[in-house]
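# Fold and contact review
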Amino acid sequence: MKIFQSIRCLSLCCLLFAWPVAGAQIVVTTPDITIHDRITNSMRDARRLKKGSYPVRTRHLKAGEPVYTNRLILEDSPYLLQHAHNPVNWYAWGDEAFAAARKQNKPVFLSIGYSTCHWCHVMEEESFDDEIVADILNKNFISIKVDREQRPDLDEIYMTGVQIMTGSGGWPMSSFLTPDSKPFYGGTYYPKDHFIQLIQRIHEAWIEDPADLNASAEYIYAAIDQHLGTHGSATIIGQPQIDATLAHILAMEDQQYGGQAGAPKFPNETKLFLLLDSIERSDQPLTKNPNWQTLYRALDGMMRGGIYDQLGGGFHRYTTDNQWLRPHFEKMLYNQAQLSRLYARSWKLSGNNEFRRITAETLDYVLREMRTKDGAFYSATDADSEGEEGKYYVWTYQELKQHLNTEQLRLVENVYGVTWEGNLDSANLLYLPRPLHEVASHLKLTNLNLLQQLSVIKHKLLAVRQQRIPPMRDNKIITAWNSLMITALAESGHLLNEPGYIAAANQAAEFIWRHNRDKHGLLNRIHLNGRSSTRATLEDYSFYLQAVLALYDANGDQKWLSRAKKLHQQMTDLFWDKKNGGFYISQARTAGPMIIRSQSASDGAIASGNSVALLAMVALNQRASSFTLQNQIDKQILRYSSRLMQAPYDLSVMLTGIGEYQHPRPAYVQYAGAGHVKMSATLQVNNSSGSQLNVELKI
């Protein structure tokens, strides 16, 4: 795509794809004493009130107090507060920042990230906490920080722009905008010297030929609108698109290690859910089903790899290699929720007790380490501790020898691949080079006896690990992500016959209902430090609607069905496109400008709000059918039919919803008679005596 026309802008484009141009000069000036705007009384008051409640991240201290304080001190987001003492004159996203850009005729530098992002930390320390970089930014740009977890609607818009310009994306996201908020250039992480060159050249281009950059902005804006809008004529969607997407998933598989081929390697749960859904609908034996073989290899590879915390349970976000071994050590709530659902349903299908073990360990980890005293769930933990990525999770051989007896150490060597040399920078990240049943056979142990011995070892090593300085935890309670966990707990509690999980789901759902709605009864997205804030997005509504329906299935409490109807009505009132059908992903009234009100349905690390809205409406229609709701479902499918024809792989969860609408899968709860008849089934698997199906019918 040809975006930049002039030689000057072409030189900027070269900066994005290569290291500094040969012979280029980096020109910097000594920062002057006006590097930072005057600290206002409101900033001082906010610093005084928040002192001790957040970690101060800056090298610029005087008598233990930060030298610089910017407008981000007024915000609640943990990510924004990480930058509140940078020398950069940061603004939060809002009308004030863009009014300043227009008044001063400056371009906007927009930086988007999140609190547990490793490379966000690196760019902060290298550039944003550097006085020379800050001086250039403060003189020539209006700089804005956005927490992508707080404003996923903005993140989607500007990430789409970066992907259009560069072919890839990631965080920290670095975008340059006109004063009317349209992007004309963008990228991700930049090393300090590269970043200095970039912002100097963009400043020069803005002074010398702003019309050219504005023209580029209009071009990119049109491309974003084309991508995030819904265009094209309606057509019939069904099994052919589902089959084509399944074939694509199989073709992209790494058949040796499982998952999608290549590195870095992400779980890609949305694709795995489509595989699982197709398997649950099929009468083909698992051993002959290629979709099951692909799903099994992914689940087996992840649970045996370093991406899984073999000691404490739970999954890291992704691995940097293709073998699931070397993780990026963040732990995100949404990964725990999605993967525990996948393992629980796969256990139900196969009777593989290792899948049950992983489900339980993951959920137990969340309940132990990511749960508030009121029953809601924190959003994430960082990759870094004590300034090093992964330090909290790895073991030197000497440490293991110190804390385990000879027999236990030998077992750890056999089970977890521990060696003197280590497998990660001279340390050992625990993983399973062989399946546990093979290890048990090799050591002439029963599987039960092996698990019992490992339980003692895990308990001992966890006690040692908990004495270390842990990674930072992001204490935001995000409605959408909590809803994912509520669904996982409710479903898994029923499938595994663990009422404690259902009770935990109920408590979390009550927390959202009681504490994360405003005075009008409308959902908010964020709860932090006792305060609910930020208008909910479509994903918050659709995920919470899905969650309360899963809870209704699990415990039969009619109040959750009643609340589901109310949530659906609010979701329709706030997001539904009455003219064309489909949902907008953000409300009409949001803080700051929006260049486009997206209706995207493409899945990312989690399913799109539009896809889950379809799934939730289909589920609600099965439990409380109405002509109006059926009509809305039909319009939702038609609205995205053209996109589904063009790129079904990007909308795999919507395909799951379409499959469920057209041919309901044999789930553990079934409804008939517009929801008046409910059949609940629990499968008890016993490897020695076979399976037993317990069925309960309610009318």
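Bear in mind that the values here come from a model prediction, so they are computed numbers and not experimental data. (Residues numbered from 1 in each chain as written. Predicted model: local features only at pLDDT ≥ 70, side-chain atom pairs only at ≥ 80, totals over all residues. Heavy atoms only, no water.)

What follows concerns the overall build of the protein. Scanning the protein from N- to C-terminus turns up 26 helices and 20 strands. Burial analysis of the protein (699 residues in total) assigns 59% to the buried set. Element-wise, carbon and sulfur atoms account for 51% of the exposed surface of the protein, whose accessible area totals about 28,600 Å². (Helix = DSSP H or I, 4+ residues; strand = E, 2+ residues; numbered from the N terminus. Buried < 20%, exposed > 50% of the residue type's maximum accessible area, 1.4 Å probe, protein only. Areas by Shrake-Rupley, 256 points an atom, 1.4 Å probe, with all protein chains shown as cover.)

As a further point, take the sheet that holds strand S17 (residues 531–535). Pairing in this open sheet of three strands is antiparallel, and the strands run S15-S16-S17 from one edge to the other. What marks the edges here is a single partner per strand, and that holds for strand S15 (477–478) and S17. For strand S16 (residues 524–528) and S17, the ladder comprises four bridges, and the chain directions are antiparallel. Bridge pairing in S17 links histidine 527 to serine 532. (Pairing = 2+ DSSP bridges.)

Take unusual backbone geometry next. Note that the residue after tryptophan 171, namely proline 172, is joined by a cis bond; omega there is 5 degrees. Tracing the backbone through its elements, the reader meets proline 172 in the loop between helix H7 (152–166) and strand S6 (173–177). Looking along the chain, the bond that leaves alanine 263 and enters proline 264 is cis, with omega of 0 degrees. Relative to the assigned elements, proline 264 resides in the loop between helix H10 (239–251) and helix H11 (269–281). Despite not being glycine, aspartate 425 has its phi angle at roughly 55 degrees, a positive value. Unusually for a residue other than glycine, lysine 444 sits at a positive phi of about 60 degrees. Tracing the chain through its elements places lysine 444 in the loop between helix H17 (436–442) and helix H18 (447–465). Overall, the relative accessible area of 74% leaves lysine 444 in the exposed class.

In this section: the state of the cysteines. Scanning the entire structure with this criterion turns up one disulfide. The disulfide partner of cysteine 117 is cysteine 120, and the S-S distance across this bridge is 2.4 Å. Sign of the S-S torsion, about 80 degrees for the bond between cysteine 117 and cysteine 120, identifies this disulfide as right-handed. (Disulfide = S-S within 2.5 Å.)

The subject of this paragraph is H11. Since there are 3.6 residues in each turn of an α-helix, residues three or four apart along the chain are aligned in direction. Taking 1.5 Å as the rise per residue, H11 with 13 residues should run 18 Å; its terminal C-alpha atoms sit 18 Å apart, in good agreement. By the criterion of burial, H11 is predominantly enclosed, with 12 of the 13 residues buried. Considered for burial, the residues of H11 that qualify are Glu269, Thr270, Lys271, Leu272, Phe273, Leu274, Leu275, Leu276, Asp277, Ser278, Ile279 and Glu280. Of the surrounding elements, those touching the buried residues of H11 are H10, helix H12 (290–304), helix H13 (333–350) and helix H26 (652–662). (Expected span 1.5 Å × (residues − 1). Contact = heavy atoms within 4.5 Å.)

Turning our eyes to something else, we now look at helix H6 (residues 131–140). The buried fraction of H6 is high, at seven of 10 residues. Buried within H6 are the following residues: Val133, Ala134, Asp135, Ile136, Leu137, Asn138 and Asn140. Buried residues in H6 make contact with strand S4 (108–113), helix H5 (118–128), strand S5 (142–147) and helix H8 (192–208). Among the residues of H6, the N-terminal cap falls to aspartate 130, whose side-chain oxygen and the backbone nitrogen of isoleucine 132 are separated by 3.0 Å. (Polar contact = N/O pair within 3.5 Å; in protein donor to acceptor, adjacent residues only side chain to side chain.)

Strand order across the open sheet formed by five strands is S3-S5-S4-S6-S7, with mixed pairing between neighbours. In this open sheet, the two strands that pair with only one neighbour each are strand S3 (90–92) and strand S7 (183–187). Sheet twist, expressed as the mean angle between neighbouring strand axes with direction ignored, is 30 degrees. Alignment of S4 against S6, held across five bridges, turns out to be antiparallel. Residue pairing across strands places valine 108 opposite leucine 177, the latter belonging to S6. Where H5 meets the sheet, it contacts S3, S4, S5 and S6, and its direction lies at approximately 145 degrees from that of S4. (Axes fitted to C-alpha atoms, helices over the stretch in contact; angles between N-to-C directions.)

Turning to the side chain of serine 608, a few remarks are in order. Turning to its location among the elements, serine 608 is positioned in the loop between helix H22 (558–575) and helix H23 (609–623). Leave out the neighbours within four places in its chain, and serine 608 touches Phe543, Ala601, Ser602 and Asp603.

In this section: the packing of aromatic side chains. What the rule picks out here adds up to 27 aromatic pairs. Taken together, a centroid distance of 6.1 Å and an interplanar angle of 80 degrees make the contact between tyrosine 114 and tryptophan 171 edge-to-face. Here tryptophan 171 lies in the loop between H7 and S6 and tyrosine 114 lies in the loop between S4 and H5, a separation of 57 residues in the sequence. The exposure class assigned to tyrosine 114 is buried, which follows from its relative accessible area of 2%. For tryptophan 171, a relative accessible area of 23% corresponds to the partly exposed category. Aromatic side chains tyrosine 392 and tyrosine 393 sit 5.2 Å apart centroid to centroid with 90 degrees between the ring planes, which places their arrangement in the edge-to-face category. (Phe/Tyr/Trp six-rings, centres within 6.5 Å; stacked < 30°, edge-to-face > 60°.)

For the structure on display, the rule yields 44 salt bridges. With its nearest N and O atoms 2.7 Å apart, the salt bridge here joins lysine 476 to glutamate 149. Of this pair, lysine 476 sits in the loop between strand S14 (473–474) and S15 while glutamate 149 sits in the loop between S5 and H7, placing them 327 residues apart in sequence. Pair check on accessibility: lysine 476 and glutamate 149 agree, each one buried. With its nearest N and O atoms 2.7 Å apart, the salt bridge here joins arginine 623 to aspartate 553. Residue arginine 623 is located in helix H23, and its partner aspartate 553 is located in helix H21 (residues 538–555); the two are separated by 70 residues in the primary sequence. Within the structure, one salt-bridge network assembled from shared partners comprises Arg59, Asp129, Asp130 and Lys192. (Salt bridge = Lys/Arg side-chain N within 4 Å of Asp/Glu carboxyl O.)

Counting residues in hydrophobic clusters, the biggest one holds 145 residues, and the most contacted among them are Phe176, Phe195, Met302, Tyr343, Met485, Tyr544 and Met571. For this core, the element with the highest residue contribution is H21, accounting for 12 residues. Setting aside chain neighbours within four positions, we find tyrosine 343 in contact with Leu299, Met302, Met303, Phe315, Phe355, Ile358 and Thr359. Counting residues in hydrophobic clusters, the runner-up holds 25 residues, among them Ile112, Ile142, Ile157 and Met173. (Core = buried A, V, L, I, M, F, W, Y, C linked by side-chain atoms within 4.5 Å.)

Turning our attention to the confidence of the model for the protein. Residues at a pLDDT of 70 or more form 89% of the protein, whose mean pLDDT is 90. Low pLDDT, under 50, characterises residues 1–36; the predicted model gives this stretch 81 contacts beyond four residues in sequence or across chains. (pLDDT = per-residue confidence, 0-100.)

Take the environment of alanine 244 next. Here alanine 244 shows up in helix H10. Among the residues examined, alanine 244 registers a relative accessible area of 43% and is labelled partly exposed. In sequence terms alanine 244 and proline 648 are 404 residues apart; their C-alpha atoms lie 7.9 Å from each other.

Moving on to the pairing of S5. Most of S5 is tucked away, with six of its six residues classed as buried. Both faces of S5 are covered, namely the face carrying Ile142, Ile144 and Val146 and the face carrying Ser143, Lys145 and Asp147. Examined bridge by bridge, S3 and S5 share three bridges and lie parallel to one another. Of the residues in S5, the one forming a bridge with tyrosine 91 is isoleucine 144. Pairing geometry for S4 and S5, over six bridges, is parallel. In the strand pairing of S5, isoleucine 112 is matched with valine 146.

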